[in-house]
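Breakdown of the fold
What follows is each chain in one-letter form.
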Amino acid sequence: MILVTTAGKVGSEAVRLLAERQMPVRVLVRNPAKAKALADAGAHVVVGDLEVPASIDAAMAGVTAVVLVSPAVPAQELNVVASAARAGVRHIVKATSKASPDSPIARRRGQSEIEAGLAASGVPHTLLRSNAYMQNVLAWAPEIAKTSGFGSAVGKGRTGMVDARDVAAVAAEIAATPAAHANKTYWLSGPQSISNDDVAAVLSRLLARTITYRELSFEENKDGMIRAGVPEPIAHMNAQALSLTAEGDAEWVTQDVPTLLGRQAPSFEQFAADYAASFA
Ligand SMILES: NC(=O)c1ccc[n+]([C@@H]2O[C@H](COP(=O)([O-])OP(=O)(O)OC[C@H]3O[C@@H](n4cnc5c(N)ncnc54)[C@H](OP(=O)(O)O)[C@@H]3O)[C@@H](O)[C@H]2O)c1
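Computed from a predicted structure; not experimentally measured.

**A word on the packing of helix α9 (residues 218-227) against helix α10 (residues 232-246)**
Put simply, α9 and α10 touch, their axes get as near as 9 Å, and they point 140 degrees apart. Helix-helix and strand crossings are classified by hand; for α9 and α10 the assignment is right-handed. Residues F218, N221, K222, M225 and I226 of α9 form the contact with α10, whose participating residues are E232, A235, H236, N238, A239, Q240, L242 and S243. The residue inventory of the contact of α9 with α10, partitioned by class, reads six nonpolar, five polar and two charged.

**Some thoughts on the domain arrangement of the protein**
Parsing the protein into structural domains produces domain 1 (2-123) and domain 2 (132-163 + 189-251 + 266-280). Centre-to-centre separation of domain 1 and domain 2, based on C-alpha positions: 27 Å. Counting residues at the interface gives eight residues for domain 1 and nine residues for domain 2. For domain 1, the biggest contributors to the area lost against domain 2 are K9, I105 and R107; these three give 53% of the whole. In this assembly, domain 1 and domain 2 are joined by two salt bridges. A salt bridge links D249 to R108; its shortest N-O distance comes to 3.2 Å. Only α1 (9-20) and α5 (106-121) provide two or more residues apiece to the side of domain 1 that touches domain 2. Among the elements that take part in the side of domain 1 that touches domain 2, α5 stands out by supplying three residues, more than any other. Taken together, the residues of the side of domain 1 that touches domain 2 break down into four nonpolar, no polar and four charged.

**Quick word on the site of the ligand**
Around the ligand, a shell composed of 24 residues is seen, among which V10, R30, K34, Q111 and N136 lie nearest. The separation between an oxygen atom of the ligand and a polar side-chain atom of K34 is 2.6 Å. N136 is positioned such that a nitrogen or oxygen atom in its side chain is 2.8 Å from an oxygen atom of the ligand. Burial of the ligand by the surrounding chains reaches 80%, relative to a free accessible area of 930 Å². Sorting the residues of the shell around the ligand by element identifies α1 and β5 (91-96) as the ones contributing at least two each. Per-class residue counts for the shell around the ligand are ten nonpolar, ten polar and four charged. Per-domain counts for the shell around the ligand show at least three residues from each of domain 1 (2-123) and domain 2 (132-163 + 189-251 + 266-280).

**As for the pairing of strand β6 (residues 125-130)**
Looking along a regular strand, one sees the side chains alternate between the two faces of the sheet. Within β6, six of the six residues are buried, leaving the element largely enclosed by the surrounding structure. Burial along β6 is two-sided: the face carrying H125, L127 and R129 and the face carrying T126, L128 and S130 are both buried. Alignment of β5 against β6, held across five bridges, turns out to be parallel. The partner of K94 across the bridge, within β6, is L127.

Conventions used here
- Residues numbered from 1 in each chain as written.
- Predicted model: local features only at pLDDT ≥ 70, side-chain atom pairs only at ≥ 80, totals over all residues.
- Heavy atoms only, no water.
- Axes fitted to C-alpha atoms, helices over the stretch in contact; angles between N-to-C directions.
- Helix = DSSP H or I, 4+ residues; strand = E, 2+ residues; numbered from the N terminus.
- Left-handed = near helix turned anticlockwise from the far one by under 90°.
- Contact = heavy atoms within 4.5 Å.
- Nonpolar A, V, L, I, M, F, W, Y, C, P; charged D, E, K, R; others polar.
- Domains from an automatic or database assignment.
- Buried area = accessible area lost by both parts, 1.4 Å probe.
- Salt bridge = Lys/Arg side-chain N within 4 Å of Asp/Glu carboxyl O.
- Near = heavy atom within 4 Å.
- Polar contact = N/O pair within 3.5 Å; in protein donor to acceptor, adjacent residues only side chain to side chain.
- Areas by Shrake-Rupley, 256 points an atom, 1.4 Å probe, with all protein chains shown as cover.
- Buried < 20%, exposed > 50% of the residue type's maximum accessible area, 1.4 Å probe, protein only.
- Pairing = 2+ DSSP bridges.

This is how it looks when you write it as structure tokens:
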């Protein structure tokens, strides 16, 4: 049995792919109503909360591999690691980012703390260090629909954006066949490093009207996210990451997705076409 925590962007797609492969798969969610499609696809949906170790232990029964993906609050993910170690789980695939103990971004320091706990647990594991997800662009869809534009603090910075569906496909592949991936780290990106002017050009072609990118300051970007409903600490960390992108922090591309999946990673054009209805 493979356990996936949780059913967000990466988790739900990993569950769907594992169910499609006829692998026994369980998904831990807080609200089962949101996971009905996964239950219909054949997954075993269990109700739990990463804050509550007993609920994780209940979900861990009979599990051989875990896909660990969540908002990456250290205490919560370390609860999963401890539960997996107690249950004798043989492999953990962890979704992570550019983790570092001295990063200016608290989320990256938290990821580093989780990774250290994972290493100390002795459970064989694989780290998926992903570049920014293409799906982040969907957060601009309401603004694009209203103003034919979007803004960000990335300036002219470029990002090797990866489709979250590919992160899920890699996680599912490794959870299903973990042997060759023990204690390895993969850097997942899309096929190209692109700027927000490139994003605007792709969306202009897709929507057949001009979509304009506006460069924002750190404060303007952070305040805009807060107005859109993002909690202040998350908006702060997002704006920090975007400001680092302006300095070249996300301008990396690897061949790990094609190497691991045996096919090309989709371009941003392909992603945008797949999600055309969300931008319309
Ligand atoms: N976004 C990016 O660009 C990016 C890039 C690189 C790495 N990453 C990493 O990817 C991971 C996030 O993955 P994602 O984007 O797939 O996540 P996501 O879409 O934000 O989904 C997070 C899920 O976690 C659930 N959740 C939150 N708190 C929970 C709790 N206490 N107990 C149980 N479930 C809980 C949420 O469920 P509810 O519906 O109940 O709220 C939601 O389904 C993080 O480690 C992040 O650092 C993200």
